[in-house]
Amino acid sequence: MSPTSPASPARSASPASPESPKNPAPTRRLTTAQALVAFLARQYTERDGRRQRLISATWGIFGHGNVAGIGQALVEAGQGGNGTAHRMPYLQGRNEQAMVHAAVGYARQSGRLSAHAVTTSIGPGATNLVTGAALATINRLPVLLLPGDTFATRPADPVLQQLEVPYAGDVSVNDCLRPVSRYFDRITRPEALIPAALQAMRVLADPAETGAVTLALPQDVQAEAYDWPEEFFAERDWHVRRPAPDAYELETAVRAIRSARRPLIVAGGGVRHGAAEETLAAFTAATRIPVASTQAGKGALRHDHPADVGGIGHTGTATADELARTADLVIGIGTRFSDFTTASGTLFADPAVRFVHLNITAFDAHKLAALPLVADARAGLEALTAALAGRGYRVDPAYETEYTGAKEAWEERVEASFATPDPTARPTQTQVLGLLDDLVTEEDILINAAGSLPGDLHKLWRTRSRDQYHVEYGYSCMGYEIPAAIGVLLAAGTGQRTRPVWALVGDGTYLMNPTEIVTAVQENLPLKLLILQNHGYASIGGLSASVGAEGFGTAYRHRDPDGGFTGPPLPVDLAANAASLGLRVLRAATVDDLRKALSEARDAEGPTCVYVETETPDTVSGPPPAQAWWDVPVAETASRPAAVKAREEYDRQVAARRRHL
């Protein structure tokens, strides 16, 4: 994607004079790090007439590999002298992986139009970025990674934290970031920064290419000075395109839709990234096609929209999954069709089922042998709506009556899961969600990523706005929630009023990555942290039982004499831990306590934690059970009865799998 030069003279670089010994092109002498920071502060995205900073802030933890380069450059860029428009705000993190998670949360809340950079030292600081980079790339969300690297000039070899590779002198630990980055470059000379930085911005701003972008920066090159052309520092707009569909693909998709008796839309994250929610609502109003949603797509329609039938797949609703089993046409919009969505290839059971896939990337649009419609979600839906309008297409009223009735029946199951008949009892996990459901408005944002909560939320949560439901399930990364909530808070503030942002975590996830609580306290961000203590990995405990592994190694309990972990729960006090990191903590022992604590936390102006120990019901977390299968291979031979029985069930389920060719 080529940048568009700004039309306003105030934003354009001065015309370069013809180069000659008497009249050289203007330059500015800066270190490589200073030049990079100055360049980043002048990059903008533009879509639908809206212009904003592409890189709005930089997270950093400093060490010998970046403190004298990027660190010194950030001091200069954030301390006046450059004008407020071109300052580079700095955010202090506590864990490198968590800084990437915070940047990803910010990028998602910003509609992928604005992103953060993350700088680290060499060695462990750099390798700690890998998990966050994988999460960003899998979820198609932009983040710029600036890890320090070993000396390019090799004055001493090896240096502290350098990985020595006997067969390749140009390899460092930063090469771990190559497979999880959408673009990677190592800047071994100052002048190499110019093309690399431009390529990095191109990828970050490209809706079909975006993800983690890595510029590895040798520590000596960071501090080396160079005469940079002034044109490099001109403000630059990167237009975020909305490609329209090809006429042939559009006509093919229209014919497929018009011939369908039981079509079903699967809305994915591309609906949100393309800001296509209103366009989707208009399309369903015209056609009455029901809409199921992936984890990333939940919120594409409000929960009370007549066409919304809830989540789809292994963690989906009975309504959506039954429609999927009998659909003769599945219309994917901005989804990757992961195994959770397709129930590992067992969900779309109609022998004649076909697929139309509207996606901005051809790679995704061709999945499941679909008829591809390669386009931006909004542009594609607008074209489909217009093409169908003149041909009078609408689903049979009996089909509409069927799915709206099924939706009402599922809503009764939601109410039953949320019910709290005894206000003095300890709440179950689904009752916790029900109390939160009673409290929130369309302002609130819920963030989650791993454990049993994503399944409960996908089935049961009543999404009230396009960005309320923030569940990271592309990588399902434990430890994402707290730092991501910080990123969302930085992006979602509106004037004097900051939207309530809830990070929902279980005890297993909390112990993975609580460190950014300190950042929330430092910045006085009104984070609402809800910790659900159930003494172990509830989700994997349930999965373990279902595949014959008997829950082994999933409970947080003392070791028993036989070597297992069936003793009393560990005396871990996560509320005390959160308080020690600076949070105000509200403990809740009963349903009534929790109702009051949640209300108090929502009104709090500073970072606040609600801690509740949940009751464990007979099932993993108390909601309706899975409405579709998920393939986790079971031991083919085993001596223990649980595994033998689990294998019998596995063989029965896997027999229903098909390849859509």
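The rules behind each value
- Residues numbered from 1 in each chain as written.
- Predicted model: local features only at pLDDT ≥ 70, side-chain atom pairs only at ≥ 80, totals over all residues.
- Heavy atoms only, no water.
- Helix = DSSP H or I, 4+ residues; strand = E, 2+ residues; numbered from the N terminus.
- Buried < 20%, exposed > 50% of the residue type's maximum accessible area, 1.4 Å probe, protein only.
- Contact = heavy atoms within 4.5 Å.
- Areas by Shrake-Rupley, 256 points an atom, 1.4 Å probe, with all protein chains shown as cover.
- Lys, Arg positive; Asp, Glu negative; His and termini not counted.
- Charge placed at Lys NZ, Arg CZ, Asp CG, Glu CD.
- Pairing = 2+ DSSP bridges.
- Axes fitted to C-alpha atoms, helices over the stretch in contact; angles between N-to-C directions.
- 1 Å grid on protein atoms, 1.4 Å probe; cavity = no way out; pocket = protein on both sides within 12 Å on 5 of 7 lines; lining within 4 Å.
- Points joined across faces, edges and corners; volume = space filled by probe spheres on them.
- Parallel < 35°, antiparallel > 145°, perpendicular 65-115°, else oblique.
- Left-handed = near helix turned anticlockwise from the far one by under 90°.
- Nonpolar A, V, L, I, M, F, W, Y, C, P; charged D, E, K, R; others polar.
- Polar contact = N/O pair within 3.5 Å; in protein donor to acceptor, adjacent residues only side chain to side chain.
- Phe/Tyr/Trp six-rings, centres within 6.5 Å; stacked < 30°, edge-to-face > 60°.
- Lys NZ or Arg CZ within 6 Å of the ring centre and 35° of its normal.

Trainee: Any chance you could explain the overall build of the chain here in plain terms?
Mentor: When helices and strands are counted, the chain shows 24 helices and 23 strands. Referenced to the eigenvectors of the C-alpha coordinate spread, the extents of the chain come out at roughly 80 × 70 × 55 Å. Taking all 661 residues of the chain together, the buried fraction comes to 56%. For the chain, restricting intrachain contacts to residue pairs at least 6 apart in sequence, the fraction spanning at least 24 positions comes to 77%. Surface accessibility of the chain: about 26500 Å² in total, with carbon and sulfur atoms responsible for 53%. Mean positive and mean negative side-chain charge positions of the chain (62 and 73 charges, respectively) differ by 4 Å.

Trainee: Quick question: what am I supposed to make of the sheet that holds strand β15 (residues 329-333) here?
Mentor: Sheet strands associate in pairs through backbone hydrogen bonding, adopting either a parallel or an antiparallel arrangement. Spatial strand order, β14-β13-β12-β15-β16-β17: six strands in an open sheet with parallel pairing. Looking at strand neighbours, the two that pair on one side only are β14 (308-311) and β17 (371-374), the edges of this open sheet. Across the sheet, the mean angle separating the axes of adjacent strands is 20° when strand polarity is ignored. Direction of pairing for β15 relative to strand β16 (residues 354-359): parallel, over a ladder of five bridges. The residue of β16 that forms the bridge with G332 is H357. Running at roughly 130° to β17, helix α8 (residues 247-258) makes contact with β15, β16 and β17 of the sheet.

Trainee: Can you walk me through empty space enclosed by the protein in this structure?
Mentor: Empty space left among the atoms is revealed by rolling a probe the size of a water molecule over them. Taken as a whole and assessed by the stated rule, the structure comprises two cavities of 30 Å³ or more. In this structure, the largest cavity encloses a volume near 50 Å³. What lines the largest cavity is I122, G123, A126, G148, D149, T150, Q161, Q162, L163, S172, V173 and N174. Looking at the second largest cavity, the residues that line it are D507, L511, Q533, H535, Y556, L570, V572 and L574.

Trainee: Whenever I open this one, the sheet that holds strand β6 (residues 115-120) confuses me. Can you help?
Mentor: Ordered by their spatial adjacency, six strands build an open sheet running β5-β4-β6-β7-β9-β8, and the pairing between neighbours is parallel. Strands with a single pairing partner mark the edges of an open sheet, and in this sheet they are β5 (90-92) and β8 (183-186). Across this sheet, the average inter-strand angle for adjacent strands is 20°, counted without regard to direction. Here four bridges tie β8 to strand β9 (residues 212-218), and the two strands are oriented parallel to one another. Paired with D185 across the two strands is L215, which belongs to β9.

Trainee: Any chance you could explain the environment of A377 here in plain terms?
Mentor: For A377, the location among the structural elements is in helix α14 (residues 377-389). A377 sits 101 residues away from A276 along the chain, and the two C-alpha atoms are 6.1 Å apart. Beyond its immediate chain neighbours, meaning those up to four positions away, A377 contacts G270, V271, A276, I333 and L358.

Trainee: How should unusual backbone geometry be read in this particular structure?
Mentor: Most of the time, phi is negative for any residue but glycine, and the peptide bond is trans. Cis rather than trans, the peptide bond between D157 and P158 has omega equal to 5°. On the secondary structure map, P158 appears in the loop between β7 (143-149) and β8. Look at R112: it is not a glycine, yet its phi comes out positive at around 65°. Tracing the chain through its elements places R112 in the loop between α3 (96-109) and β6. On the basis of relative accessibility, which here comes to 12%, the residue R112 falls in the buried class. Even without a glycine there, the phi angle at F337 is positive, about 50°. One can find F337 in the loop between β15 and α12 (339-342).

Trainee: How should the packing of helix α10 (residues 277-287) against α14 be read in this particular structure?
Mentor: Two packed helices can be described by the angle between their axes and the distance between those axes. At their nearest, the axes of α10 and α14 sit 9 Å apart, and the two run at 20° to each other. The angle between α10 and α14 falls in the class roughly parallel. Two packed elements cross with a definite hand, and for α10 against α14 that hand is left-handed. Across the interface between the two elements, T279, L280, F283 and T287 of α10 pack against R378, L381, E382, L384, T385 and L388 of α14. Class assignment for the residues of the contact of α10 with α14 results in five nonpolar, three polar and two charged.

Trainee: Could you clarify how one ought to interpret the side chain of E235 in this entry?
Mentor: By the secondary structure assignment, E235 is in the loop between β10 (225-229) and β11 (236-239). Using a relative accessible area of 15% as the deciding quantity, one classes E235 as buried. Of the polar contacts made by the side chain of E235, one reaches the side chain of R51; its length is 2.9 Å.

Trainee: Can you walk me through the packing of aromatic side chains in this structure?
Mentor: With the rule as written, the count across this model stands at 13 aromatic pairs. Measuring from centroid to centroid gives 4.5 Å for F340 and W630, while their planes differ by 65°, and the two rings are edge-to-face. Of this pair, F340 sits in helix α12 while W630 sits in the loop between β23 (608-613) and α24 (641-654); the two residues are 290 residues apart in sequence, bridging distant segments of the chain. The class for F340 is buried, based on a relative accessible area of 13%. With a relative accessible area of 24%, W630 lands in the partly exposed category. Here the aromatic residues F39, Y226, W228, F232 and F233 are joined through ring pairs into a cluster of three or more. Above the face of the Y469 ring, K298 is positioned so that its terminal group lies 5.5 Å from the ring centre. The residue whose ring lies beneath R587 is Y611, and the NZ or CZ to ring-centre distance is 5.7 Å.

So, to be careful, I would describe these as geometric facts and stop short of saying anything about function.
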